[in-house]
Amino acid sequence: MNLDGRDILKALSEPFEDNEIEWRAQTCNQYGSALMLPYIDARAAMERLDKVLGFNWKDQYHEITMNGKQAFQCELSIRIENEWVTRTDGAETTDVESVKGGYSSAFKRACVKFGIGRYLYDLPQFWLKIEKSGSVYVSVNKGREKITGFVNPPSILEIVTGSKPQPKPQPQSQQTQQTQQTQQTQQPTNQNQHASGEHENAIKIVMGEIQDGNIASNLIPYFLERVGCKSSDLKAASIEQLKGIYYAINAVNKYLNVCRGHGLSLEQVLYYSQIVCKTTLTDINALYFLMDYKRTEEAIELIKGDYSKSIAQ
């Protein structure tokens, strides 16, 4: 079977449906929010390979040593235009399902080199409020304490594509067709309830970012003004406006988390942000109105570069 290479790579790198995305908690903060990481499991990656390539892919594994520990190397090969192309990556065994986890992690890393799920690495950080109920259960250690609860992750597909995923049509039974007229009379109420639930969840996510950044409440009206909301109350903002606030805050929180990880002082935090913002800064709150994801990544690269130099010296 002759397959065009560009079409294959494009099909492999397509975003996954939200129900194919898994979430795990990496850490939590003092404000009751968890840093949630989206990922795909090995099964979803295999199904993508089967869907795009059929039998035109294969994988092989070799036991290796990484950092003095047992690890596995995956050689993932796909056939493009009658030529086999191989990309390789490895992973250590895991604490859970030791050997199986090593195989799975090595396979997924090799898949990323063909574009499968690679876009997940470019997403912003998701600090989500831990609630008593929600769609995803979390259990994360905070020091010696284990925090458990639920979070409501956003739609990754919506973030990546910029459009709300459409539900797949379901076949209607005769009874469903007979009661359709009754359901239509209830539809406006159901839609309003669903919209209200999405809006409340969006507010919770934004509040989680505000708490994570330890942002003073008197700045909220300025965020609302920035996204075009005339009210000073978050509840009056639309979901799109709340998204705009979330992105503005999350970009800076991502930068500040890196700064904390490197033990930077306030002067150093402002120093790197001034370089990318090209203006003098004296107040850390100003970052929330000047920095976006592009500037955040630029500042982080500067920090990493200087940190690497200091280690080398």
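Residues numbered from 1 in each chain as written. Predicted model: local features only at pLDDT ≥ 70, side-chain atom pairs only at ≥ 80, totals over all residues. Heavy atoms only, no water.

Peer 1: Explain the sheet that holds strand β6 (residues 126-129) residue by residue, including any values.
Peer 2: The three strands are arranged β1-β2-β6 in an open sheet whose pairing can be described as antiparallel. The strands lining the two open edges of the sheet, one partner per strand, are β1 (22-28) and β6. Between one strand axis and the next, the sheet turns by 45° as a mean value, whatever way the strands run. As paired elements, β1 and strand β2 (residues 33-39) share six bridges and run antiparallel to each other. Across the sheet, residue Arg24 finds its bridge partner in β2, namely Leu37. (Pairing = 2+ DSSP bridges. Helix = DSSP H or I, 4+ residues; strand = E, 2+ residues; numbered from the N terminus. Axes fitted to C-alpha atoms, helices over the stretch in contact; angles between N-to-C directions.)

Peer 1: Can you explain helix α9 (residues 266-277)? Please cite residues and give values.
Peer 2: Counted at 1.5 Å a residue, the expected span for α9 with its 12 residues is 16 Å, and the 16 Å between its end C-alpha atoms agrees. Along α9, the positions that sit buried rather than exposed are Val269, Leu270, Tyr272, Ser273, Val276 and Cys277. Taken around the axis of α9, the buried residues stretch over an arc of 165°, which confines them to a single face. (Expected span 1.5 Å × (residues − 1). Buried < 20%, exposed > 50% of the residue type's maximum accessible area, 1.4 Å probe, protein only. Arc of directions from axis to C-beta.)

Peer 1: I'd like a rundown of the sheet that holds strand β3 (residues 57-66), residues and numbers included.
Peer 2: The strands making up a sheet associate through backbone hydrogen bonding, with each pair oriented either parallel or antiparallel. In spatial order, the strands read β3-β4-β5; together these three strands make up an open sheet with antiparallel pairing. The open sheet is flanked by β3 and β5 (83-92), the only strands paired with a single partner. The mean inter-strand angle of the sheet, taken between neighbouring strand axes irrespective of direction, is 20°. Inspection of the sheet shows strand β4 (residues 69-80) paired to β5 by 10 bridges, in the antiparallel sense. Pairing of Ile78 across the sheet is with Val85, part of β5.

Peer 1: Can you lay out the pattern of salt bridges for me, pointing to particular residues and giving the numbers?
Peer 2: Counted by the stated rule, this structure contains seven salt bridges. Lys243 is the salt-bridge partner of Glu240, the closest N and O atoms lying 3.4 Å from each other. In this pair, Glu240 and Lys243 both sit in helix α8 (residues 239-261), three residues apart, roughly one turn of the helix. Under the relative-accessibility criterion, Glu240 is labelled exposed at 55%. On the accessibility criterion, Lys243 (23% relative accessible area) is partly exposed. Between Lys254 and Glu297 there is a salt bridge, and its shortest N-O distance comes to 2.3 Å. Separated by 43 residues along the polypeptide, Lys254 in helix α8 and Glu297 in helix α10 (residues 293-312) bring together distant segments of the chain. For Lys254, a relative accessible area of 16% puts it in the buried group. By sharing partners, the salt bridges in this structure join Asp41, Arg43 and Glu47 into a single network. (Salt bridge = Lys/Arg side-chain N within 4 Å of Asp/Glu carboxyl O.)

Peer 1: Quick rundown of the pairing of β4? Include the residues and the values.
Peer 2: Strand residues, when the strand is regular, have side chains that alternate between the two faces of the sheet. One ladder, built from 10 bridges, connects β3 with β4; its direction is antiparallel. Looking at the pairing, Tyr61 lines up with Cys74 of β4. Once β3 ends, the chain turns through two residues before running back antiparallel as β4, passing Asn67 with a positive phi of about 55°. Between the antiparallel neighbours β4 and β5 lie two residues, among them Glu81 with a positive phi of about 50°.

Peer 1: Could you give me a rundown of the side chain of Glu209, with the residues and numbers involved?
Peer 2: Among the structural elements, Glu209 can be located in helix α6 (residues 180-212). A distance of 3.3 Å separates polar atoms of two side chains, one belonging to Glu209 and the other to Asn250. Every residue in contact with Glu209, bar those within four places of it in the chain, is listed here: Gln125, Trp127, Tyr246, Ile249, Asn250 and Asn253. (Polar contact = N/O pair within 3.5 Å; in protein donor to acceptor, adjacent residues only side chain to side chain. Contact = heavy atoms within 4.5 Å.)

Peer 1: Can you lay out the nonpolar core for me, pointing to particular residues and giving the numbers?
Peer 2: One broad trend across soluble globular proteins is that nonpolar side chains are buried collectively. Ranked by internal contacts, the top residues of the largest apolar core, which has 72 residues, are Leu49, Leu76, Ile78, Phe107 and Tyr255. With nine residues, α8 is the single largest residue contributor to this core. Setting aside residues no more than four positions away along its own chain, Phe107 makes contact with Ala42, Ala45, Met46, Leu49, Trp57, Asp59, Tyr61, Cys74 and Leu76. (Core = buried A, V, L, I, M, F, W, Y, C linked by side-chain atoms within 4.5 Å.)

Peer 1: Give me a negative patch on the surface: which residues, what numbers.
Peer 2: A contiguous patch of negative charge on the surface is contributed by Asp4, Asp7, Glu81 and Glu83. Assignment of secondary structure puts Asp7 in helix α1 (residues 5-12). (Patch = residues over 30% accessible without salt bridge, like charges linked within 9 Å, V, L, I, M, F, W, Y side chains within 5 Å. Areas by Shrake-Rupley, 256 points an atom, 1.4 Å probe, with all protein chains shown as cover. Lys, Arg positive; Asp, Glu negative; His and termini not counted. Charge placed at Lys NZ, Arg CZ, Asp CG, Glu CD.)

Peer 1: Please set out empty space enclosed by the protein residue by residue, giving values where relevant.
Peer 2: Using the criterion set out here, one finds one cavity of 30 Å³ or more in the structure. Space inside the largest cavity adds up to approximately 50 Å³. Taken together, Leu128, Lys129, Glu131, Val151, Asn152, Asn201, Lys204 and Ile205 form the lining of the largest cavity. For the lining of the largest cavity, the elements supplying multiple residues, two or more each, are β6 and α6. Top contributing element to the lining of the largest cavity by residue count: α6, with three residues. (1 Å grid on protein atoms, 1.4 Å probe; cavity = no way out; pocket = protein on both sides within 12 Å on 5 of 7 lines; lining within 4 Å. Points joined across faces, edges and corners; volume = space filled by probe spheres on them.)

Geometric descriptors of this kind do not, in isolation, establish any biological role.
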